[in-house]
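Structural features, examined
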There are 2 protein chains.
Amino acid sequence: MVTHKKKPIQAFHVVEDGHVTSPKGFTAGGVHTGLRKAVLDFGWIHSEIPATAAGVYTLNSFQAAPLKLTKRHVDKIRKIQTIVVNSSNANSCTGEDGMKKAQATVELTAKEKNIDEHLVAVASTGIIGVPLPFGPIKKGISYLNDPLYQKVTNFERAILTTDIETKHVAVELEIDSKTITIGGAAKGSGMIHPNMATMLAFITTDAAVDNESLEYALKSATNRTFNMVTVDGDSSTNDMVLALANGIQENLLLTKTHPQWNEFLAGFQYVCEKLAKAIARDGEGATKLIEVEVLGAKTVKAAQAVAKSVVSSNLVKAAMYGSDANWGRIISAIGYSNQKIEPERVEISIGDTIVVEKGVGIPFDEAAVILTLVKDEVKLSIDLQQGSRSAKAWGCDLTYDYIRINSSYRL
Amino acid sequence: MVTHKKKPIQAFHVVEDGHVTSPKGFTAGGVHTGLRKAVLDFGWIHSEIPATAAGVYTLNSFQAAPLKLTKRHVDKIRKIQTIVVNSSNANSCTGEDGMKKAQATVELTAKEKNIDEHLVAVASTGIIGVPLPFGPIKKGISYLNDPLYQKVTNFERAILTTDIETKHVAVELEIDSKTITIGGAAKGSGMIHPNMATMLAFITTDAAVDNESLEYALKSATNRTFNMVTVDGDSSTNDMVLALANGIQENLLLTKTHPQWNEFLAGFQYVCEKLAKAIARDGEGATKLIEVEVLGAKTVKAAQAVAKSVVSSNLVKAAMYGSDANWGRIISAIGYSNQKIEPERVEISIGDTIVVEKGVGIPFDEAAVILTLVKDEVKLSIDLQQGSRSAKAWGCDLTYDYIRINSSYRL
């Protein structure tokens with residue numbers, strides 16, 4: 001198989017058990033406020049000093065109140081110091097009342113932390129269209145400075161809805177002879193309670209990063225990672241990724257012209273990719289992670305479109321659940337991706353086994369392929385043989401549990 | 001609720017137990033050839049005289065051999081006289097061999113029926129990527145003139161893969177004081193054997209229709225009916241709709257300037273809609289038909305995009321399976337349809353019950369809505385309140401059976 005991989009610049013190394021608090025100057029915590037029955041439901045990240053901030057937000061027309069407010073605050077002076085997050089209620093499609101409560105959350109948080117309101121970001125995830133109970137939120141805010149609850153694992157638990165696993169990572173690298181760290185935490189889309197479909201991710205770093213460059217890094221990494229994940233094709237009203245850079249390590253301000261910019265970018269992207277894959281793996285009802293790599297495309301956009309088409313196909317996802325080497329479904333999903341495909345060039349591999357060459361199925365060792373498919377990580381490779389661009393997308397299989405979870409009545 | 005419905009011109013009436021052979025001059029039949037184990041697997045439609053023909057074909061880049069050949073024949077002089085169809089094998093992604101066998105099917109059919117080759121159309125549905133066994137095809141063709149097998153119900157059965165029900169309809173109307181009839185048959189996407197995902201539909205009429213006008217009628221009806229059906233979002237390499245008009249009733253040639261053109265169009269569209277809904281209802285594992293109507297859109301295209309986004313959402317489909325009045329998922333799917341939605345205007349009804357007004361949930365009688373949702377036809381209405389255009393889309397619920405069917409190993 002012709003490969004077109006570029007070796008990434010990997011100056012970073014992965015921090016064992018890394019978190020959003022691995023970078024210097026960040027604390028995080030979480031508490032139980034009563035929004036959910038017996039589990040943590042309110043969390044926060046706080047930076048000692050205001051951090052340069054960048055955000056990417058859902059493209060869903062129905063943007064939730066906390067998301068709108070956070071965007072306004074990030075845009076103000078591109079600084080955020082405290083992020084508060086609640087799970088259980090998305091405060092979405094809640095009209096005027098929702099906006100007032102998001103605003104009140106910000107006001108109380110700013111007061112408790114003694115900072116300007118526009119330095120506060122707020123995120124919510126949970127049921128859509130139900131008024132946010134404000135008593136628990138108020139209670140949660142009262143813990144913001146309580147030393148008992150400053151535990152990053154509390155934060156990571158508090159932002160989950162029905163995700164099974166917490167999702168966190170950190171990497172370290174040397175920039176201008178300073179050790180800088182990039183950390184991340186995320187929640188995915190578990191929806192045992194219907195309407196809960198939000199992806200939230202938070203990236204922190206103690207590097208000094210120029211605000212436009214941070215925004216560029218976030219957008220570019222998001223396009224290659226979070227935006228390449230699909231659990232069920234539904235994108236939520238509350239999806240948001242926030243990045244904070246507090247600059248405590250006092251490196252020379254990172255911009256695109258900094259000689260180590262690409263090293264920083266590679267570390268930043270690794271953190272995002274790790275979280276994105278964790279979200280896919282923990283999709284509702286999922287038993288395995290599916291990675292689709294498309295090689296040999298004319299453009300990255302075309303590669304991404306094909307990869308997403310395949311990883312989003314219900315038929316492919318159901319076949320993966322059944323460990324079925326069903327390349328006809330893969331080829332069909334490539335074909336309807338709306339890209340200019342030359343069928344007679346396409347090559348498809350399942351794991352390391354080539355199953356389609358020049359657009360036509362070839363004999364292969366079915367037993368060996370099934371052994372690949374029963375693993376909890378499955379890789380599908382598609383070589384379009386039209387150019388040198390590539391992309392990856394991640395998803396999960398479609399299972400009985402997905403139906404069980406999503407057909408259940410609301411509580 | 002503001003409604004924007006235009007009353008359609010309905011000069012036609014529905015023929016009881018109507019078929020593709022209800023129009024004069026058409027015969028159809030089907031036999032068992034051995035492609036499938038014990039059921040009919042080869043069928044045909046034949047017109048006494050060459051009929052004006054129009055086709056619409058899958059946009060999937062991987063077009064199957066029979067589809068390419070049929071398109072070439074239809075384009076030649078816009079006449080088709082005999083259509084042969086096999087199920088069980090799609091003759092898709094089969095390279096040179098596939099094209100040769102499609103060509104040989106045409107040659108033998110033309111010889112058997114004593115007509116020109118370019119008057120023969122050929123369609124296949126079934127597994128992708130497996131060489132077409134030609135012995136059975138040859139055997140099937142040998143029955144084309146056998147009076148024992150000229151039974152339209154045989155045809156309707158022979159084209160099915162794992163569809164449960166045959167799908168057929170006919171309407172009659174007066175044009176120029178002649179009674180003309182429009183009939184139709186279709187198969188949907190049942191895929192117990194993986195890779196079988198083809199939608200085929202055949203429309204016949206004994207009206208005289210100008211070839212460009214027939215093409216217009218077919219494209220316009222397909223856009224509003226077959227293209228608005230989704231079972232699982234996967235579109236096949238073999239999808240095709242063919243329309244044949246043999247003109248035996250000797251009405252004045254129907255063109256867009258004929259005073260009764262709109263009456264013909266309404267009848268034609270009814271036939272297509274009936275078949276499209278039957279396909280949705282008979283989707284894999286489906287327990288109910290879901291109709292999504294979008295009103296108050298600025299353009300038909302926007303209305304269609306929103307309707308398709310909602311009816312394609314796995315979350316909406318799973319909620320419908322669970323008879324869950326889960327409007328948060330509907331609103332989310334409206335929001336990510338890539339249309340310019342004004343959230344504060346949107347109204348959503350489940351059955352006759354309004355559940356969202358001005359983009360915000362309102363109290364409703366949940367018990368009454370559940371009674372609506374447990375029926376085997378569910379209607380969701382969305383009023384965007386931005387204009388006067390509307391569209392409908394049809395789909396089915398997402399069920400355990402869908403997973404069972406699609407995760408099973410290939411035979």
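Residues numbered from 1 in each chain as written. Chains lettered and ligands numbered in written order. Predicted model: local features only at pLDDT ≥ 70, side-chain atom pairs only at ≥ 80, totals over all residues. Heavy atoms only, no water.

**Details of helix H2 (residues 95-113) of chain A**
All names here are of chain A. Defined as follows: The secondary structure listing takes helices from DSSP runs of H or I that are at least 4 residues long and strands from runs of E that are at least 2 residues long, numbered from the N terminus. One less than the number of residues in a helix, times 1.5 Å, gives the span that helix is expected to have. Accessible area is worked out with a 1.4 Å probe on protein chains only. A residue is then buried under 20% of its type maximum, exposed over 50%, and partly exposed in between.
Under the 1.5 Å per step criterion, the end-to-end length of H2 is 28 Å for 19 residues, consistent within 8% with the ideal 27 Å. Looking only at H2, the buried set comprises Gly98, Lys101, Ala102, Thr105, Val106, Thr109, Ala110 and Lys113. Once H2 ends, the next one or two residues include asparagine 114, with phi positive near 60°.

**Some words on unusual backbone geometry**
All names here are of chain A. One non-glycine residue, aspartate 17, lies in the positive phi region at around 50°. In this structure, aspartate 17 sits in the loop between strand S1 (13-14) and strand S2 (26-31). Residue classification places aspartate 17 among the exposed positions, given a relative accessible area of 56%. Backbone geometry places glutamate 250, a non-glycine residue, at a positive phi of 55°. Positionally, glutamate 250 belongs in the loop between strand S9 (240-245) and helix H6 (261-281). Given a relative accessible area of 62%, glutamate 250 falls into the exposed group.

**Points about the nonpolar core**
Definition in use: Nonpolar cores are built from buried Ala, Val, Leu, Ile, Met, Phe, Trp, Tyr and Cys residues. Side-chain atoms within 4.5 Å join them into one set. Contacts are assigned to residue pairs with any non-hydrogen atoms lying within 4.5 Å of each other.
Counting residues in each nonpolar core, the largest one holds 78 residues, and the members touching the most others are Phe264, Phe268, Ile334, Leu380 and Ile382 of chain B. With sequence-adjacent residues up to four places away left out, isoleucine 382 of chain B is seen in contact with Val292, Glu293, Val294, Leu295, Val310, Ile330, Ile334, Val346, Glu347 and Ile348 of chain B. Listed in part, the 76 residues of the second largest apolar core include Ala201, Leu214, Ala280 and Ala333 of chain A.

**Thoughts on the relation of the copies chain A and chain B**
Using the following cut-off: The superposition of copies rests on a least-squares fit of C-alpha positions from residues with pLDDT of 70 or more in both.
For the pair chain A and chain B, the relating rotation is 180°, the translation along its axis is 0.0 Å, and the fit reaches an RMSD of 0.0 Å. This pairing of chains is accounted for by a two-fold axis. Considering only C-alpha atoms, the part of chain A nearest the rotation axis is tyrosine 400 of chain A, at 2.9 Å. Here 97% of the contact residues of chain A are again contact residues in chain B; the copies associate through an equivalent surface.

**Description of the environment of threonine 222 of chain A**
Residues and elements named next belong to chain A. Secondary-structure assignment places threonine 222 in helix H5 (residues 211-224). Threonine 222 sits in the buried class, given a relative accessible area of 4%. Each C-alpha atom, one on threonine 222 and one on cysteine 272, is 7.1 Å from the other, the two residues being 50 residues apart in sequence.

**Concerning the pattern of salt bridges**
Residues and elements named next belong to chain B. Our working definition: Each salt bridge in this description consists of a side-chain nitrogen of Lys or Arg and a carboxyl oxygen of Asp or Glu lying within 4 Å of one another.
Under the definition given, this model contains 26 salt bridges over all chains. A salt bridge links lysine 219 to glutamate 215, with the nearest nitrogen and oxygen atoms 3.1 Å apart. You can see lysine 219 and its partner glutamate 215 sitting in helix H5 (residues 211-224), 4 residues apart, about one turn around the helix. Judged by its relative accessible area of 22%, glutamate 215 is partly exposed.

**Some words on the sheet that holds strand S14 (residues 377-383) of chain B**
Residues and elements named next belong to chain B. Put simply, the rule is: A pair of strands is treated as paired once DSSP finds two or more bridges between them. Helix axes are fitted only over the stretch in contact, all axes being lines through C-alpha atoms; the angle between N-to-C directions runs from 0 to 180 degrees.
Across the sheet, which stays open at both edges, the 6 strands sit in the order S13-S12-S11-S14-S10-S15 with mixed pairing between neighbours. Only two strands of the sheet have a single neighbouring strand rather than two, namely strand S13 (360-361) and strand S15 (389-396). Bridging between strand S11 (residues 347-350) and strand S12 (residues 353-357) involves 3 bridges; their strand directions are antiparallel. Note that in S12 the partner of isoleucine 348 across the bridge is valine 356. With respect to the sheet, helix H6 (residues 261-281) is in contact with strand S10 (289-297), S14 and S15, its orientation differing from that of S15 by roughly 40°.

**A look at the sheet that holds strand S14 (residues 377-383) of chain A**
All names here are of chain A. Here 6 strands make up an open sheet; going across it, the order is S13-S12-S11-S14-S10-S15 and the pairing mixed. With partners counted over all chains shown, the strands left at the sheet margins are strand S13 (360-361) and strand S15 (389-396), one partner each. Taken strand by strand, helix H10 (residues 366-373) contacts strand S11 (347-350), strand S12 (353-357) and S14, and its axis lies near 120° from that of S14.

**Some thoughts on the packing of aromatic side chains**
Two aromatic rings, taken as a pair, are described by how far apart their centres are and by the angle between their planes. To keep things clear, this is the line we draw: The pairing test for Phe, Tyr and Trp rings, Trp by its six-membered ring, is centres within 6.5 Å, and the orientation test on the planes gives stacked under 30 degrees, edge-to-face over 60, and tilted for anything in between. Two thresholds decide whether a charge sits over a ring: the Lys NZ or Arg CZ must be within 6 Å of the ring centre and within 35 degrees of the ring normal.
Inspection of every chain in the model, using the stated rule, returns 17 aromatic pairs over all chains. Seen from their ring centres, tyrosine 143 of chain B and tyrosine 149 of chain B are 5.0 Å apart, and the 70° between their planes marks the pair as edge-to-face. Seen in terms of ring centroids, phenylalanine 155 of chain B and phenylalanine 202 of chain B are 5.7 Å apart; in terms of plane orientation they differ by 65°. Their pairing is edge-to-face. You can see phenylalanine 155 of chain B sitting in helix H4 (residues 152-158) and its partner phenylalanine 202 of chain B sitting in strand S8 (residues 200-205), a full 47 residues away along the chain. Phenylalanine 155 of chain B sits in the buried class, given a relative accessible area of 0%. Grouped by ring-pair contacts, the aromatic residues Tyr216, Trp261, Phe264 and Phe268 of chain A constitute a single cluster. Above the plane of the ring of tyrosine 216 of chain A lies lysine 256 of chain A, whose end atom (NZ or CZ) is 4.1 Å from the centre.

**Section: the UniProt feature "binding site: substrate" (unreviewed entry) in chain A**
The condition is simple: UniProt positions are given in the numbering used here, feature names are shortened, and annotations may be inferred rather than shown by experiment.
What UniProt calls "binding site: substrate" (unreviewed entry) maps, in this numbering, to Thr161, Lys187, Thr198, Glu284 and Asn406 of chain A. Along the chain, the position of glutamate 284 of chain A falls in the loop between H6 and strand S10 (289-297).

**Structural notes on the packing of helix H1 (residues 65-77) of chain A against H2 of chain A**
Residues and elements named next belong to chain A. Filter applied, for reference: For classification purposes, an angle smaller than 35 degrees is called roughly parallel, one larger than 145 roughly antiparallel, one from 65 to 115 roughly perpendicular, and anything else oblique. Note on convention: the crossing is left-handed when the near helix lies turned anticlockwise from the far helix by less than a right angle, right-handed when the turn is clockwise.
At a minimum axis distance of 8 Å, the contact between H1 and H2 shows a crossing angle of 50°. Classed by the angle they form, the pair H1 and H2 counts as oblique. You can see that H1 and H2 cross each other, and the crossing is right-handed. Contacts between H1 and H2 involve Ala65, Pro66, Lys68, Leu69, Arg72 and His73 on the former and, on the latter, Gly98, Met99, Ala102, Gln103 and Val106.

**Side note on the interface of chain A and chain B**
In plain terms, the rule: Here's the idea: put two parts together, see how much 1.4 Å probe accessible area each one loses, and the total over both is what we call buried area. Throughout this entry, Asp, Glu, Lys and Arg are counted as charged residues, while Ala, Val, Leu, Ile, Met, Phe, Trp, Tyr, Cys and Pro are counted as nonpolar. The remaining residues, Gly among them, count as polar.
Across the boundary between the two partners, chain A contributes 59 residues, which contact 57 residues of chain B. Summing the contributions of chain A and of chain B, the shared interface buries around 4,600 Å²; its carbon and sulfur component is 56%. Where chain A packs against chain B, one counts 0 salt bridges. Among the elements of the structure, helix H8 (314-321), helix H9 (327-335), S13, H10 and helix H11 (400-407) of chain A are those that each provide at least two residues to the side of chain A that touches chain B. When residues in the side of chain A that touches chain B are grouped by element, the largest group, 7 residues, is from H9 of chain A. Residue composition of the side of chain A that touches chain B, by class: 26 nonpolar, 25 polar and 8 charged.

**Examining the domain arrangement of chain A**
Residues and elements named next belong to chain A. What counts, and what does not: Domain ranges listed in this record stem from an automatic or a database domain assignment. Two N or O atoms count as a polar contact when they lie within 3.5 Å, although within protein this holds only if one can serve as hydrogen donor and the other as acceptor, and sequence-adjacent residues are included solely when both atoms are side-chain atoms.
Along its sequence, chain A is carved into domain 1 (13-281) and domain 2 (289-407). Computed over C-alpha atoms only, the centres of domain 1 and domain 2 are separated by 32 Å. Counting from both sides, the interface comprises 15 residues of domain 1 and, opposite them, 18 residues of domain 2. For the pair domain 1 and domain 2, the two sides together bury roughly 1,500 Å², of which 56% comes from carbon and sulfur. Of all residues in domain 1, Met228, Thr230 and Arg281 bury the most surface against domain 2, accounting for 40% of the area lost on that side. Our count for the contact surface shared by domain 1 and domain 2 stands at 2 salt bridges. With its nearest N and O atoms 3.8 Å apart, the salt bridge here joins lysine 277 to glutamate 291. Counting across the domain 1 and domain 2 interface gives 4 residue pairs in polar contact (both at pLDDT 80 or more). Put simply, the parts of the chain that give the side of domain 1 that touches domain 2 at least two residues each are H5 and H6. The element that contributes the greatest number of residues to the side of domain 1 that touches domain 2 is H6, accounting for 4 residues. Across the side of domain 1 that touches domain 2, the residue classes tally to 6 nonpolar, 4 polar and 5 charged.

**Side note on the confidence of the model for chain A**
A low pLDDT means the predicted coordinates there should not be read in detail. All names here are of chain A. Our working rule: Known as pLDDT, the predictor's per-residue confidence is scaled from 0 to 100.
Confidence along chain A averages 90 in pLDDT terms, with 93% of residues attaining 70 or more. Considering only residues more than four positions removed or in separate chains, one finds that residues 1-6, a stretch of pLDDT under 50, has 15 contacts. Predicted confidence for residues 191-196 stays below pLDDT 50, and this span has 33 contacts to residues more than four positions away or in other chains.

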